Amino acid sequence: MVRVGLLLVCLWSLCVGPAHTQGFAGLGTSADGFAAPTPDPVFVFPADHGPHPAYRIEWWYLTAVLEGEDGTPYGVQWTLFRNALEPHDGEGWQTPQLWMGHAGLTTPETHYADERLARGGVGVAGVEAAPFSAFIDEWSLESAPERLSEGEDALSALNVRARGDAFAYALELNATGPLVFHGADGFSVKSAEGQASYYYSQPFYEVEGVLELPSGPVTVSGQAWLDREYSSQPLSENQLGWDWVSLHLDSGAKLMGFQLRQTDGEVYTSASWITEQGVLTAFEDGALTMTALETARVAGRAVPVRWRVQLPARDLDVEVEAINAQSWMDTRFAYWEGPVRIRGSHGGRGYLEMTGYETDASSETAAP
Amino acid sequence: MIGTALATLVSHWRRKPGQLATLVIGLSLATALWTSVQAINAEARASYDQASAALGGGSVISLTAPEGRIHRSVWAQLRRDGWDASPRIEGELVLADTVFALIGVEPLSASTSQAMVGGGEGVGPAFLTAPGVLLAAPETVEGLAAHQADLPPVQASAQLPRGQVLTDIATAARLLDRGDQIDQIVINPDAREGLTPLAVLAPQLDRVETTDTGEVSRLTGSFHLNLSAFGFLSFAVGLFIVYAAVGLAFEQRRSTLRTLRALGTPVRVIVASLLIEAFAFALVAGAVGVLLGYGVASALLPDVAATLRGLYGASVSGELSVRPDWWLSGFAIAILGALGATAQSVRRAATMPLLASGQMRAWALASTRRYLLQAGIALALFALAALIPQLASGVLAGFALLASLLLGAAIGLPALLAGVLNIATRLVRGAVAEWFLADTRQQLPGLSMALMALMLALAANIGVGTMVSSFRLTFEGWLDQRLAAELYVTTRDDAQSDAVRDFLEARADAVLPIWSADSDIAGQPGEVFGVVDHATYRENWPLITARPDAWDQIAAGEGVLVNEQSWRRAGLALGEPVSLGEGATLPLVGVYSDYGNPNAQAILGLDGLVDRYAGTVSRLRYGVRVDPDEAQALTEALRAQFDLPADGVIDQASVKAFSLSVFERTFAVTGALNVLTLSVAAFAMFASLTTLASMRLPQLAPVWALGLTAAHLARLELLRAGVLAVLTWLAALPVGLVLAWALLAVVNVEAFGWRLPLHLFPMDWLRLAALAILAALIAALLPARALVRKPPREFLQIFAQER
């Protein structure tokens, strides 16, 4: 009985396992039968905070840059991924909707990570739009109605909690600004061929809470950023992975920027400049440049941990450096995700995510 | 200076490449056998550790509902509370006239551990989405094939038992029309800390905790000790070769050593050179041996894995990985072996008088005193072997007994052979015959190491072979007795149990309840069974010792039977009261053999069991006596009528076939190691004969000069090898039998708690004798051929140069 269970552990990785040839985590494969994002979306809230089963992939992605009372920087990640095997929902066991949770906690010395897998439809994992609740096992990202004022967006007051073998966290998030919509009103183009996703964020959270570390509890405060994105094929076949940043600048402005790395060595870039008041300006391919300045050996591969990020249109020229170079998410789909500090034309803190840096050999061993 | 000394000493090997090869091959073979056994053991242990880590410390909690089914929201809530829990559906897939056990699992929650044991089969997303995929053993796939049209696609999986079909829980729920109901929740109890207790979260569910890993490691522990002992024996045999080669090399380099000393080389430089040389050999041979051992272990591991899986349910990966613990131990033993073999040479080199004769001697002259000393040591070791069972107990003591027995036999062998040859010399008449015997005696010291190795290999072969065959004979007979009922039925709960019993009463010749309760038996934790008064027990049950009226007393509730292991552990006598927990006792009326069970067990009358253990009796199992021809039909009728668990009905024939196949595989490894050890011994013989041949010319030349042709001499050489092999085999026979006895009556009792009767298999011995003679003749063939082809000039030169 037990061996049968172990035999099946490998199933997940076979279902949606690391893609060796077609982009990161199978995101470059074709999307037959799934709905494709189209321009000029009309979002309806709170319904669109919930899942969209007709689209293949979707995520609720929270990153928080935090500081302890002694000034020590910390980073926290909480993510729920939805992955549909077929473009529809289903009753009970029969649903083709699978869920994966990732939690990370970064200190200057250590990076903790854990993950959870579950199928939808049976109450173990899922997202409900109203009242907002995203959950997998005992991890949750839920609205706090007692802190919401009348007419405020459902995501404006949230509680988040997760735990792994050696860490846990519980944070309160309160938004001080509105939702912002990337690209053309939330239609975010991801390649020259037109691959796109629906993408909006809540980047204005003020955070307070407690981290549980092996050394004991740590009271923290800081800022957080929630990304909502769904699509069926966000990567082009010739794209290998991406480098993505979300920056909280000391001026109060925010920057979201990414570059998608192509097999021919070229990149496709995109950026969103968000003012303190929540006005977003989208910049198309080429406006943003990201230059790797320094790499580190991370989990047996070279990963850039210091970047030069330039957006001349907003006089931004900063160096973004990892607080902990070893912020490796050693999960079924492994990637780098951790807090960064910002220096240069602007100061501040932010989060950096990098995917697709594994070599063929290492991605083989990364698969369970 | 040490460089010069070393170069001088090493130049010897350039002149004698054959001797060099012998030394390296011997040490390599010894290391290889040792390493392969260590590699197998290390791999198996790593697999257990991995498995027990994946299971969370080796225990699993399963939750079931007393009323039968559980709503899946109970499982979902456990997960939402942080428990590492997975749901399971069990049911029957009834297809026309055949019934398959269907198991539905939820792969995403089956284990959050990333540990993989064994190879996984590729299933893909199809497994999780409608229509799903069914996994089954290849034989079962064929059975399902007839119904393919109505079923999801079927895929073969070698990891599943026959008759079982595994699928995703969604597919199982659909095929069995279960809706939201599940049968079982399996929980990894050690996964996370600080969770709300299960008793609070799911008070309505029954909770069963299985901790089988401890038992597995205890049982497999003796299996591995067995293998280790074998590995060590092989190494000892190999070491004899090395010892012989090193000793010979020393004798041949006597003149070189004397010259070096005479030229002023200090003793310590010579000693250091010898040690460096030995160390270098150890490194080279160790590397070769570790590589060879890896090959042997890779070849044997699938068998071992099958054995451990079948015998103990322990899962071991069939693939060998390179682990530092075994290859380091391989090198260590090679170095230890080389240094050990060199020790005597070094000592002699250090104490050699400066002006000692540079003349090569037959490197250990035969002397009566030496033989007496050896015989004395041998007798002392035999006495020690006889004493050990009285002084200590445990598996280790058992192996200590074997070690002293084998060592004593090996050391005593030359003395014994010399004695036999002495007597023979007095009995024969004729010059050639007398010379032949005297010359054989003269050669004994040079050959004794090889003969000891041969004897050890033969004795191990006889001993282990006898043990295995005795075990097989006993085991088969025992299975026939013990598995007297045609069918064994397990029901889900008491209500179903009663219904099944009524159903069977009307259709079978007899229904024998196999009800049980957990209880202390004579102070050991175990299980008590209740039986009805039936001829099946009276005629078949395998009793070792019993009162004549044992079954009457059991039926009357006035006595108890216990299994052999609890009888031995508690040291009970017939008629003595046996405590059965909570102060109750019954007199012991008999003892039965119970192979394969590590725990205590007792049998009472059924009424007595129900009275004594009213609240805790499990009343779920039955043995069914029925005409064997009707067993299949009854099985199908049972499955059609009742919703029995997956392995609810088992027929006698398949249990027997399975048990015997497990048994055969268990000893396949032993057989392979036996053959390898024998080959090493044959090589030792060959090495000794080849090196002796070059030294013996001075002894042969006079005989040749007296008129015996070289061909005649060569025939005598072959005859000598044959005679020595036969004598060695004769000496090995009693040693092997004592070895078998020790394994069956001492080691088995200590390791498992049961003693097996010794059966003799003379045909096997004769086959072994033929093998030994063949090995000896092959070993002697090359030196004999060289003798025939030797030009007369070389015989003549002996007189010119040496005498």
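Residues numbered from 1 in each chain as written. Chains lettered and ligands numbered in written order. Predicted model: local features only at pLDDT ≥ 70, side-chain atom pairs only at ≥ 80, totals over all residues.

**Overview of the overall build of chain B**
In terms of regular secondary structure, chain B is built from 25 helices and 20 strands. Relative to its full complement of 803 residues, chain B shows a buried share of 43%. Taking all contacts inside chain B whose residues are at least 6 apart in sequence as the whole, residues at least 24 apart take part in 84%. (Helix = DSSP H or I, 4+ residues; strand = E, 2+ residues; numbered from the N terminus. Buried ≥ 20, exposed ≤ 12 C-beta atoms within 10 Å, placed from the backbone. Contact = placed C-beta atoms within 7 Å.)

**Section: the overall build of chain A**
Counting its regular elements, chain A contains 2 helices and 23 strands. Partitioning the contacts of chain A with sequence separation of at least 6, the portion at a separation of at least 24 is 57%.

**Some words on the pairing of strand E3 (residues 84-95) of chain B**
Residue and element names in this part refer to chain B. Across 5 bridges, the pairing between E3 and strand E9 (residues 184-188) is antiparallel. Counterpart to Asp84 in the pairing with E9 is Asn188. Where E3 and strand E4 (residues 98-105) come together, 8 bridges link them in antiparallel fashion. Residue pairing across strands places Leu95 opposite Thr98, the latter belonging to E4. (Pairing = 2+ DSSP bridges.)

**Section: the environment of B:Pro698**
All names here are of chain B. Inspection of the secondary structure puts Pro698 in helix H22 (residues 697-705). By C-beta crowding, Pro698 is classed as partly exposed, having 15 other C-beta atoms within 10 Å. Taking C-alpha positions, Pro698 is 9.6 Å from Gln797, a pair spaced 99 residues apart along the chain.

**Structural notes on unusual backbone geometry**
Residues and elements named next belong to chain A. Of note, the bond from Phe45 into Pro46 is cis; its omega dihedral lies within 30 degrees of zero at 5 degrees. Residue placement: Pro46 occurs in the loop between helix H1 (2-16) and strand E1 (57-68). Cis geometry marks the peptide bond from Ala130 to Pro131, where omega comes out at -10 degrees. Of note, Pro131 is situated in the loop between strand E5 (125-128) and strand E6 (133-136). Of note, the phi angle at Asp315 is positive, near 55 degrees, even though the residue is not glycine. Looking at the secondary structure, you find Asp315 in the loop between strand E19 (301-311) and strand E20 (316-322). A tally of 9 C-beta atoms within 10 Å means that Asp315 is categorised as exposed.

**Focus on the packing of helix H14 (residues 431-482) of chain B against helix H24 (residues 762-789) of chain B**
All names here are of chain B. Where H14 meets H24, the closest approach of the two axes is 11 Å, and the angle between their N-to-C directions is 155 degrees. Viewed along their axes, H14 and H24 adopt a mutual orientation that is roughly antiparallel. Handedness of the crossing formed by H14 with H24: right-handed. Residues Leu454, Leu458, Asn461, Ile462 and Gly465 of H14 pack against Asp764, Trp765, Leu768 and Ala772 of H24. Its residues assigned to classes, the contact of H14 with H24 comprises 6 nonpolar, 2 polar and 1 charged. (Axes fitted to C-alpha atoms, helices over the stretch in contact; angles between N-to-C directions. Parallel < 35°, antiparallel > 145°, perpendicular 65-115°, else oblique. Left-handed = near helix turned anticlockwise from the far one by under 90°. Nonpolar A, V, L, I, M, F, W, Y, C, P; charged D, E, K, R; others polar.)

**A look at the environment of A:Ala196**
By the element assignment, A:Ala196 lies in strand E12 (residues 196-213). Filtering out sequence-adjacent residues up to four positions away, A:Ala196 remains in contact with A:Pro37, A:Phe187, A:Ser188, A:Val189, A:Lys190 and A:Ser231.

**Quick look at the confidence of the model for chain B**
All names here are of chain B. Per-residue pLDDT for chain B averages 78, and the proportion of residues at 70 or more is 81%. The low-confidence segment residues 211-216 (pLDDT under 50) makes 11 contacts with residues lying over four places distant or belonging to another chain. Counting contacts from residues 358-364, a segment whose pLDDT is below 50, to residues more than four positions away or on other chains yields 16 contacts. (pLDDT = per-residue confidence, 0-100.)

**What to know about the pairing of strand E13 (residues 216-231) of chain A**
As a general feature of sheets, a regular strand has side chains that alternate between the two faces. Residues and elements named next belong to chain A. Examined bridge by bridge, E1 and E13 share 12 bridges and lie antiparallel to one another. Residue Trp59 lies in a different strand from E13, and its bridge partner there is Glu229. As consecutive antiparallel partners, E12 and E13 are separated by 2 residues.

**Some words on H24(B)**
Between its first and last C-alpha atoms H24(B) spans 40 Å; for 28 residues at 1.5 Å apiece the expected length is 40 Å, and the two agree. Where H24(B) bends most, the angle comes to about 35 degrees, and this point is B:Leu781, followed within four residues by the proline B:Pro783. (Expected span 1.5 Å × (residues − 1). Bend = angle between axes of the 7 residues up to and from the residue.)

**Comments concerning H14(B)**
For H14(B), spanning 52 residues, the distance from its first C-alpha to its last is only 65 Å, which falls clearly below the expected 76 Å at 1.5 Å a residue. At B:Leu447, H14(B) is bent by approximately 65 degrees, the largest bend along its length.

**Side note on the confidence of the model for chain A**
Residue and element names in this part refer to chain A. Mean pLDDT over chain A stands at 86; residues scoring 70 or higher make up 88%. Here H1 stands out as the least confident element of chain A, with mean pLDDT 28; E20 is the most confident, with 97. Here residues 360-368 scores under 50 on pLDDT; set against residues more than four positions off or in separate chains, the count is 18 contacts.

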